[in-house]
Amino acid sequence: MRNDFDIAVIGGGVVGLAILRRFAMSGLRCVLLERGADILSGASKGNSALLHTGFDAPTGSLELACMQAGYEEYLAIRDRLNLPLLESAALVVAWTEEELAQLPEIVAKAHRNGVRDVEQIGRGALRRREPHLSEAALGAALVPREHIIDPWSAPLAYAHQALAHGAEIRRNSEVTSGAYDGESWQLATAAGNLRARVTVNAAGNFGDLVEAIARPSPFTITPRRGQFVVFDKPAATLAKAIILPVPTERTKGVVLFRTIFGNLAIGPTAEDVDERDVAACDQPTLERLRARAIEMVPELSGIGVTAIYAGLRPASERKDYIIEALPTQNWITVGGIRSTGLTAALGIARHVAKLYEETIDSLPKAPDPIWTPVPNLAEHLPRPYMDGGEVVCHCELVTRQEIQAALSGALPAGDMNGLKRRTRATMGRCQGFYCSANVAAMYREAVDARS
Amino acid sequence: MQDPDVVIIGGGPAGLSAARRLAELGIRNVTVLEREAEAGGVPRHCGHLGFGWQSHRRIWSGPHFAAAMRRSVEGLDIRTGTSVLQIGEDGVLRIRDRSGLGEIAARRIMIATGTRETPRAPRFAGGSRPQGVMTTGALQQHVYLQGFRPFKAPVIVGTEWVSFSAILTCRHLGIRPVAMIEAQARTSAPWPGGPIARLIYGVPVLLNSRILEIRGKQQVEAVAIQSDGQRRELACDGVIFTGQFVPERAVFAEGPTIFTAGNVNAPLKTSGQCWHEGRAVAENIARSLA
Ligand SMILES: Cc1cc2nc3c(=O)[nH]c(=O)nc-3n(C[C@H](O)[C@H](O)[C@H](O)COP(=O)(O)OP(=O)(O)OC[C@H]3O[C@@H](n4cnc5c(N)ncnc54)[C@H](O)[C@@H]3O)c2cc1C
Ligand SMILES: Cc1cc2nc3c(=O)[nH]c(=O)nc-3n(C[C@H](O)[C@H](O)[C@H](O)COP(=O)(O)OP(=O)(O)OC[C@H]3O[C@@H](n4cnc5c(N)ncnc54)[C@H](O)[C@@H]3O)c2cc1C
């Protein structure tokens, strides 16, 4: 095993993976260290999967710049990586007169942020677009380019592209300490030591703890939990656009949105929690979310719930992202990527590469990019079951071949949850009543074959 | 190929008994579409005794019953590995099988897609998401079809008949349930459900109790329950959500040429009752074709 690298990225969330990809594609020797059994086991495991335009982000912020760069790069590369896009648009819906009065400012801010196609629409136009929305809706700001993506296949594709460019991804490899000797970092991980010239901290909800390896952390992470309720597939016809609330001083409020997998979901809540690792749901909150969804779209009262989940946003005391290079220590901090990191990841990676060039070293001449398309899981696009084979998971129509592929190759699923994220097996309405034992058997077989 | 007279969706007790009865009545142009690799339905994985009495006056295990049913339809057109995806407005079935997508039309459709238990999510049972949380049906497939022991000391949620099937399934691999918990003041299954669980199987039954939270990172470590108004913790390494059956109606339609049989029609019935219902509905279909 080679143990010295140009770049070590700590953290296998969407941000770390996008950074790994960027540096690997620039021709550097890179390694990513992830404490979990698989990538995407932190904040990136449970989000809303909206591709944001940045229309409501703080004007002039680094966050906005990264989101917009990330948005553009996603659209530019998605065909070659086989990444889906559900062009839903979003509606910021006013439910009260006071909210209605705020719409012009929302539109004006969007325009200031460069999202010039945002416009206010009246009650009639809103009803024509969203006939299932409650009569209580008074009007909306339409955001035509706010869209829906797959929260997991995107970072998985970044990982595969990085691997194709020679990067390594080490899982079960929590970084426990490190020392900089003036030239490179010696990092100690749960799976052995390694050397890297430059270390990038992209540790999400553990960002401040990892930062302490390099310096007393200038920020503190207080994870902000978001819970979700996912409705069964017939619900997806009831709201075409992403239904956003008018934000208040206190909260951004919950969103009703389709998922790329063909469901309709509501969430996230925003609760500060102590737990960095485990995102738990609680019944009263789930009941409230469901009730709120029914208020917005009354027909949802007749539709069952398929899933519940929660995610932890890596929130710091600062509003903006914390992205800094410490050139005297060859350390780059990427912290507090709270609630827009899925969109911004590719933009963050570009920004980090620029910081590297400006403060640490030049980048070598980049090789020709290698494209590594990932399997499609989006419901609105062709899926393998349509071409035959054996279906194992009936609710989500996942084939044996898809499961086998996810259990092999360059980055096989590291645990059962990783397998679910790669295939959707057992994630449908029966939640494994019919197929979980078959899937477990395939998982065991693959693990046994590997060991 | 000529369209069949009858297409039956689902090859469980109701679907297979209907196919057999239609053949007996001289309607041989019948096709059963079953998405699993093998017909038989839920009894395929109910490895304990409790099947066959109402239909065959025998006491069999589920797999034995399923095998007997499969023998009774030998020679008929049973297409496994074939999922019905949708019943079109036009009454044409959109299907997919090992060769890909397809369509099939018939003069009569029988929906016999059965029922499943309500899993954790729609019950809003909170907490983290460790391994070791499943329904009885899933547990049976782990235990009887794969020989897996997903936990050693689970909590059983519910006291319906099927909850006792969960106890039997556990015992098969030496799994010892820690407790059964029931939200009501009495067990759902008729007396002597509670005493049987306690006295014969040594599983305490906690009434007026509901699950608040599941704990654990990799595997379940405990559940928090509300029991007689008190919050308490039960150490366990799994949770079995039993019963609260919902019809499996991922494909469903109504109309003069569409019939239903078995547990896709609530309320829950035994496999024998579903077998009889399949025969009775087959007779209605035969009459409607005459
Ligand atoms: C409820 C919710 C909804 C959201 N909705 C959206 C949305 O709609 N659109 C959008 O663009 N964004 C959304 N986000 C934001 C997005 O999910 C996050 O910004 C993003 O996932 C952050 O990624 P990350 O890589 O920084 O962190 P993480 O995904 O947490 O990755 C950090 C990784 O570092 C690992 N790690 C930690 N410590 C160590 C160590 N010492 N050694 C090795 N590895 C370590 C962790 O295990 C983890 O895998 C949402 C987030 C949440 C929680
Ligand atoms: C855990 C458990 C334990 C039980 N224990 C007992 C017991 O001890 N004794 C007893 O008598 N009864 C028992 N029952 C009840 C009994 O198994 C059922 O009543 C009986 O199997 C119902 O028969 P059915 O034909 O209606 O449905 P099922 O047996 O559920 O069969 C339905 C079939 O339809 C197929 N199907 C569904 N959707 C589609 C589709 N879209 N396309 C193609 N095929 C499809 C399914 O794969 C399945 O094979 C138990 C049930 C459960 C869940």
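Residues numbered from 1 in each chain as written. Chains lettered and ligands numbered in written order. Predicted model: local features only at pLDDT ≥ 70, side-chain atom pairs only at ≥ 80, totals over all residues. Heavy atoms only, no water.

Q: Let's hear about the overall build of chain A: which residues, and what values?
A: Within chain A one finds 11 helices and 21 strands. The globule rule puts the C-alpha radius of gyration for 451 residues at 22 Å, and the 22 Å found for chain A is close to it. When the backbone C-alpha atoms are referred to their principal axes, chain A occupies close to 65 × 50 × 40 Å. The buried share of chain A, reckoned over its 451 residues, is 61%. Carbon together with sulfur atoms contributes 51% to the accessible area of chain A, which is approximately 16,900 Å² in total. Of the charged side chains in chain A, 48 are positive and 52 negative; the average position of the first set lies 2 Å away from that of the second. (Helix = DSSP H or I, 4+ residues; strand = E, 2+ residues; numbered from the N terminus. Rg over C-alpha atoms; globule rule 2.2 N^0.38 Å. Buried < 20%, exposed > 50% of the residue type's maximum accessible area, 1.4 Å probe, protein only. Areas by Shrake-Rupley, 256 points an atom, 1.4 Å probe, with all protein chains shown as cover. Lys, Arg positive; Asp, Glu negative; His and termini not counted. Charge placed at Lys NZ, Arg CZ, Asp CG, Glu CD.)

Q: Please give an account of the nonpolar core that cites residues and values.
A: All names here are of chain A. Ranked by size, the top nonpolar core spans 90 residues in total, and within it Ile 19, Phe 23, Tyr 158, Val 334 and Ile 348 carry the most contacts. Here this core takes 10 residues from helix α8 (residues 341-359), the largest share from any one element. Looking at this core, you find at least three residues from each of domain 1 (4-47 + 152-220 + 318-359) and domain 2 (87-147 + 222-313). (Core = buried A, V, L, I, M, F, W, Y, C linked by side-chain atoms within 4.5 Å. Domains from an automatic or database assignment.)

Q: Account for the domain arrangement of chain A, naming residues and giving values.
A: Buried accessible area, meaning the area lost when the parts come together, often serves as the stated size of an interface. All names here are of chain A. Assigned domains within chain A: domain 1 (4-47 + 152-220 + 318-359), domain 2 (87-147 + 222-313) and domain 3 (384-450). Summarising the inter-unit geometry, the C-alpha centres of domain 1 and domain 3 are found 29 Å apart. Each side of the interface is counted separately: domain 1 has 13 residues, and domain 3 has 11 residues. It is Asp 38, Trp 152 and Arg 171 that lose the most area in domain 1 upon contact with domain 3, and together they represent 49% of the buried surface on that side. On inspection of domain 1 and its partner domain 3, the count reaches 1 salt bridge. Close ionic contact of Arg 422 with Asp 38 constitutes a salt bridge, the shortest N to O distance being 2.6 Å. Taken together, domain 1 and domain 3 are joined by 5 residue pairs in polar contact (both at pLDDT 80 or more). In terms of residue count, the dominant contributor to the side of domain 1 that touches domain 3 is helix α5 (residues 153-164) (4 residues). Its residues assigned to classes, the side of domain 1 that touches domain 3 shows 8 nonpolar, 2 polar and 3 charged. (Contact = heavy atoms within 4.5 Å. Buried area = accessible area lost by both parts, 1.4 Å probe. Salt bridge = Lys/Arg side-chain N within 4 Å of Asp/Glu carboxyl O. Polar contact = N/O pair within 3.5 Å; in protein donor to acceptor, adjacent residues only side chain to side chain. Nonpolar A, V, L, I, M, F, W, Y, C, P; charged D, E, K, R; others polar.)

Q: Could you give an account of the site of ligand 2, with specific residues and numbers?
A: All names here are of chain B. Close to ligand 2 lie 38 residues, the nearest being Glu 34, Val 42, Asn 263, Lys 269 and Ser 271. Backbone polar atom of Val 84 to a nitrogen atom of ligand 2: 3.0 Å apart, as the coordinates give it. Within the side chain of Ser 271, one N or O atom sits 2.8 Å away from an oxygen atom of ligand 2. Against a free-state accessible area of 990 Å², the protein chains account for coverage of 93% of ligand 2. Looking at the shell around ligand 2, the element that brings in the most residues is helix α4 (residues 136-145), giving 3 residues. Residue assignment places the shell around ligand 2 across two domains, with domain 1 (6-116 + 246-289) and domain 2 (121-241) each supplying three or more. (Near = heavy atom within 4 Å.)

Q: Describe the pairing of strand β19 (residues 331-335) of chain A, naming the residues involved and giving the relevant values.
A: Residues and elements named next belong to chain A. In terms of burial, β19 is largely enclosed, as 5 of its 5 residues are buried. What you see with β19 is no split at all: Trp 331, Thr 333 and Gly 335 on one side and Ile 332 and Val 334 on the other are buried throughout. Both strand β11 (residues 192-201) and β19 contribute to a ladder of 3 bridges, which runs parallel. Bridging from a neighbouring strand, Val 200 pairs with Ile 332 of β19. Direction of pairing for strand β18 (residues 322-326) relative to β19: antiparallel, over a ladder of 5 bridges. Bridge pairing links Ile 323 to Val 334 in β19. What sits between the antiparallel neighbours β18 and β19 is a turn of 4 residues, in which Asn 330 has the positive phi angle 50°. (Pairing = 2+ DSSP bridges.)

Q: Any chance you could break down the pairing of strand β2 (residues 30-33) of chain A for me, citing the residues and the numbers?
A: All names here are of chain A. Of the two faces of β2, the one holding Cys 30 and Leu 32 and the one holding Val 31 and Leu 33 are both buried throughout. Inspection of the sheet shows strand β1 (residues 4-10) paired to β2 by 4 bridges, in the parallel sense. Its bridge partner lying in β2, Ala 8 is registered against Val 31. After leaving β1, the chain enters helix α1 (residues 14-25) and then returns to the sheet as β2, a path that is right-handed. For β2 and strand β8 (residues 168-170), the ladder comprises 3 bridges, and the chain directions are parallel. (Right-handed = clockwise from strand over helix to strand, strands pointing away.)

Q: Kindly report on the site of ligand 1, identifying the contributing residues and their values.
A: Residues and elements named next belong to chain A. The environment of ligand 1 is formed by 40 residues, the closest being Glu 34, Ala 43, Ser 44, Ile 337 and Thr 343. Residue Ser 48 places a main-chain N or O atom 3.2 Å away from a nitrogen atom belonging to ligand 1. Ala 49 has a polar backbone atom sitting 3.4 Å from an oxygen atom of ligand 1. Coverage of ligand 1 by the protein chains reaches 98% of its 1,000 Å² of free accessible surface. Broken down by secondary-structure element, the contributors of at least two residues to the shell around ligand 1 are α1, β12 (224-231), β17 (305-313) and α8. Grouping the constituent residues of the shell around ligand 1 by class yields 17 nonpolar, 18 polar and 5 charged. Counting residues domain by domain, the shell around ligand 1 receives three or more from each of domain 1 (4-47 + 152-220 + 318-359) and domain 2 (87-147 + 222-313).

Q: Which residues make up the packing of aromatic side chains, and what values do they have?
A: The final tally for this structure, using the stated rule, is 9 aromatic pairs over all chains. With a centroid separation of 5.2 Å and 65° between ring planes, the pair formed by Phe 23 of chain A and Tyr 356 of chain A is classed as edge-to-face. Pair noted here: Phe 23 of chain A is in helix α1 and Tyr 356 of chain A is in helix α8, with a separation of 333 residues, a long-range link. Each ring, one from Tyr 180 of chain A and one from Trp 185 of chain A, has its centre 5.5 Å from the other, and the planes form 35°; the classification is tilted. Residue classification places Tyr 180 of chain A among the partly exposed positions, given a relative accessible area of 23%. In this structure Trp 185 of chain A comes out as buried when scored by relative accessible area, which is 1%. Members of the aromatic cluster, each reached through a chain of ring pairs, are Tyr 180, Trp 185 and Trp 331 of chain A. In this structure, Arg 80 of chain A is placed above the aromatic ring of Trp 371 of chain A, and the distance from its NZ or CZ to the ring centre is 4.2 Å. Taking NZ or CZ as reference, Arg 35 of chain B lies 4.6 Å from the ring centre of Tyr 434 of chain A, over its face. (Phe/Tyr/Trp six-rings, centres within 6.5 Å; stacked < 30°, edge-to-face > 60°. Lys NZ or Arg CZ within 6 Å of the ring centre and 35° of its normal.)

Q: I'd love a proper account of the environment of Gly 62 of chain B, names of residues and values included.
A: Residue and element names in this part refer to chain B. Along the chain, the position of Gly 62 falls in helix α3 (residues 62-72). A relative accessible area of 0% places Gly 62 in the buried class. Counting along the chain gives 21 residues from Gly 62 to Gly 41, while the straight-line C-alpha distance between them is 9.5 Å. Not counting residues within four places of it along the chain, the set of residues in contact with Gly 62 comprises Pro 43, Cys 46, His 48 and Phe 51.

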